[in-house]
Amino acid sequence: MIMSNFKNDMPKHLAIIMDGNGRWAEKKGKNRIQGHSHGVKAVQEVVEEAVQLKIEHLTLYAFSTENWSRPQEEIGVLMKLLVSTLKSEFEKLLKNRIKLNVIGNLHQLPKIVQKELHYVVEKTQNNNEMTLTLALSYGGREELANALKQLAIKVKNNIISPEKIDQFIINKHLYTQNLPDVDLLIRTSGEKRISNFLLWQIAYAELYFTKVLWPDFTKKHLHKALTNYQKRERRFGKTSKQLLG
Ligand code: FPP
């Protein structure tokens, strides 16, 4: 029943801040590592459901620039989980025609992670059912600083004149240059923060916060977020009357 409502107003670009793995583990008397492993299960369910629902772009915040300050052991486990998940899900990405994309300061990632990402990105580059973007070693401010640096170099080398710089040109220098703006941003675990995620790209996004911890997040919770999204009036600065007209 819910599905038929979904057809028209599906967000083109859904982004998720997957938060609460640690608290989930604590609540269950498990260690944080087990929280992350269960987080992977939620990733699998949400990716599969997003394809079914024909969401064109799904972007997941998997590791922030700030996450590098976590204990070394936890970082190591997250990196291992990433590699093992890429390997185990590879066939499914091909079967479902999902294109993998990665954004962030990827050079900071361990070589083995870079290699695996590179392989899967390349092998899935012609898939067109959905783009799954993983934000890894990602920070929104760093992304913007990086774009401005590239533009400054182009100005210095007379490739572009400063008067020509506008929001479209800045957009073309972001990691997300090939992605549309975010329509819906979901954050789990009850925190109501953006945490340096896609700062530029969420300018007109609808924000949805849920108390559900990420490892408990299922397709049922995704449906709830989407139903909520569809009830919202997105005015983009216009009046309701103008939208009706
Ligand atoms: C936030 O929970 C979650 C992360 C920092 C990592 C997210 C990673 C995964 C879900 C697994 C790997 C991902 C992929 C794409 C295979 P937290 O640790 O900050 O939880 P807490 O705030 O309760 O401590």
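Residues numbered from 1 in each chain as written. Predicted model: local features only at pLDDT ≥ 70, side-chain atom pairs only at ≥ 80, totals over all residues. Heavy atoms only, no water.

**Q** Is there a simple way to think about the packing of aromatic side chains in this case?
**A** Geometry of an aromatic ring pair is reported as the spacing of the ring centres plus the angle between the planes. Taken as a whole and assessed by the stated rule, the structure comprises eight aromatic pairs. Aromatic pair Y204 and F236: ring centres 5.5 Å apart, planes at 45 degrees, arrangement tilted. Of this pair, Y204 sits in the loop between β5 (184-187) and β6 (206-209) while F236 sits in the loop between α8 (219-230) and α9 (240-244), placing them 32 residues apart in sequence. Residue classification places Y204 among the partly exposed residues on the basis of a relative accessible area of 47%. (Phe/Tyr/Trp six-rings, centres within 6.5 Å; stacked < 30°, edge-to-face > 60°. Helix = DSSP H or I, 4+ residues; strand = E, 2+ residues; numbered from the N terminus. Buried < 20%, exposed > 50% of the residue type's maximum accessible area, 1.4 Å probe, protein only.)

**Q** Just checking my understanding: could you explain a positive patch on the surface for this structure?
**A** On the surface, K27, K28, K30 and K41 cluster together to form a positively charged patch. Following the sequence through the fold, K27 ends up in helix α2 (residues 21-27). (Patch = residues over 30% accessible without salt bridge, like charges linked within 9 Å, V, L, I, M, F, W, Y side chains within 5 Å. Areas by Shrake-Rupley, 256 points an atom, 1.4 Å probe, with all protein chains shown as cover. Salt bridge = Lys/Arg side-chain N within 4 Å of Asp/Glu carboxyl O. Lys, Arg positive; Asp, Glu negative; His and termini not counted. Charge placed at Lys NZ, Arg CZ, Asp CG, Glu CD.)

**Q** Would you take a moment to explain the site of the ligand for this structure?
**A** Not every one of the 16 residues close to the ligand is listed here, only the nearest: M18, G22, R23, R32 and R70. G22 has a polar backbone atom sitting 3.0 Å from an oxygen atom of the ligand. One of the side-chain nitrogen or oxygen atoms of R32 is found 2.9 Å away from an oxygen atom of the ligand. Protein contact buries 90% of the 620 Å² of open area that the ligand shows by itself. Where the shell around the ligand is concerned, the elements lending two or more residues are α2 and α3 (32-52). (Near = heavy atom within 4 Å. Polar contact = N/O pair within 3.5 Å; in protein donor to acceptor, adjacent residues only side chain to side chain.)

**Q** I keep staring at the pairing of strand β2 (residues 57-64) and nothing clicks. Help me out?
**A** Within a regular beta strand, the side chains point alternately toward one face of the sheet and then the other, so they alternate between its two faces. The buried fraction of β2 is high, at seven of eight residues. One ladder, built from five bridges, connects strand β1 (residues 13-17) with β2; its direction is parallel. Residue pairing for β2: L14 is matched across the bridge by L58. Pairing analysis gives seven bridges linking β2 to strand β4 (residues 130-138), with the strands arranged parallel. Bridged to F63 within β4 is L136. (Pairing = 2+ DSSP bridges.)

**Q** I would appreciate a short explanation of the pattern of salt bridges in the present structure.
**A** Close approach of charged atoms allows side chains of opposite charge to pair. Scanning the entire structure with this criterion turns up 14 salt bridges. Here R187 makes a salt bridge to D19, at a shortest N to O gap of 2.9 Å. Taken together, the residues R187 in strand β5 and D19 in the loop between β1 and α2 connect sequence positions 168 residues apart. You'll find R187 and D19 in the same group, each marked buried. What you see here is one network of salt bridges that share partners, running through D19, R23, R187, E191 and R193.

**Q** Explain the sheet that holds strand β3 (residues 98-103) to me, please; I cannot follow it from the model alone.
**A** In any sheet, the strands associate via hydrogen bonds between backbone groups, in a parallel or an antiparallel arrangement. Sheet architecture is open: six strands sit in the order β3-β4-β2-β1-β5-β6, paired in parallel fashion. Each end of this open sheet is capped by a strand with a single partner; those strands are β3 and β6. Averaged over all pairs of adjacent strands, the angle between their axes in this sheet comes to 20 degrees, without regard to strand direction. The sheet contact formed by β1 and β5 spans four bridges and is parallel. Counterpart to A15 in the pairing with β5 is L185. Taken strand by strand, α8 contacts β1, β5 and β6, and its axis lies near 140 degrees from that of β5. (Axes fitted to C-alpha atoms, helices over the stretch in contact; angles between N-to-C directions. Contact = heavy atoms within 4.5 Å.)

**Q** Got a minute to help me understand the packing of helix α4 (residues 72-95) against helix α5 (residues 111-123) in this structure?
**A** A pair of packed helices is characterised by two quantities: the angle between their axes and the separation of those axes. Two elements in contact, α4 and α5, have axes whose closest approach is 10 Å; the angle formed by their N-to-C orientations is 15 degrees. Comparing the axis directions of α4 and α5 gives the class roughly parallel. Here the hand of the crossing between α4 and α5 comes out left-handed. Residues M79, L82, V83, L86, K87, F90, L93 and L94 of α4 form the contact with α5, whose participating residues are I112, V113, E116, L117, Y119, V120 and K123. When its residues are assigned to classes, the contact of α4 with α5 shows 12 nonpolar, no polar and three charged. (Parallel < 35°, antiparallel > 145°, perpendicular 65-115°, else oblique. Left-handed = near helix turned anticlockwise from the far one by under 90°. Nonpolar A, V, L, I, M, F, W, Y, C, P; charged D, E, K, R; others polar.)

**Q** So what exactly am I meant to see when it comes to the pairing of β1 here?
**A** Counting buried positions over the five residues of β1 gives five, a clear majority of the element. The two faces of β1 match: H13, A15 and I17 on one face and L14 and I16 on the other face are all buried.

**Q** What should I look at first to understand α5 in this one?
**A** Since the α-helix packs 3.6 residues into each turn, any two residues three or four apart lie on the same face. The terminal C-alpha atoms of α5, which comprises 13 residues, lie 18 Å apart, in line with the 18 Å expected from a rise of 1.5 Å per residue. Every buried residue belonging to α5 is among V113, E116, L117 and V120, and all of these are buried. Buried positions in α5, seen along its axis, are confined to an arc of 100 degrees and lie on one side of it. Pointing more than 90 degrees away from the buried face of α5 are the exposed residues K111, K115 and H118. The elements touched by buried residues of α5 are α4, β3 and β4. (Expected span 1.5 Å × (residues − 1). Arc of directions from axis to C-beta.)

Geometric descriptors of this kind do not, in isolation, establish any biological role.
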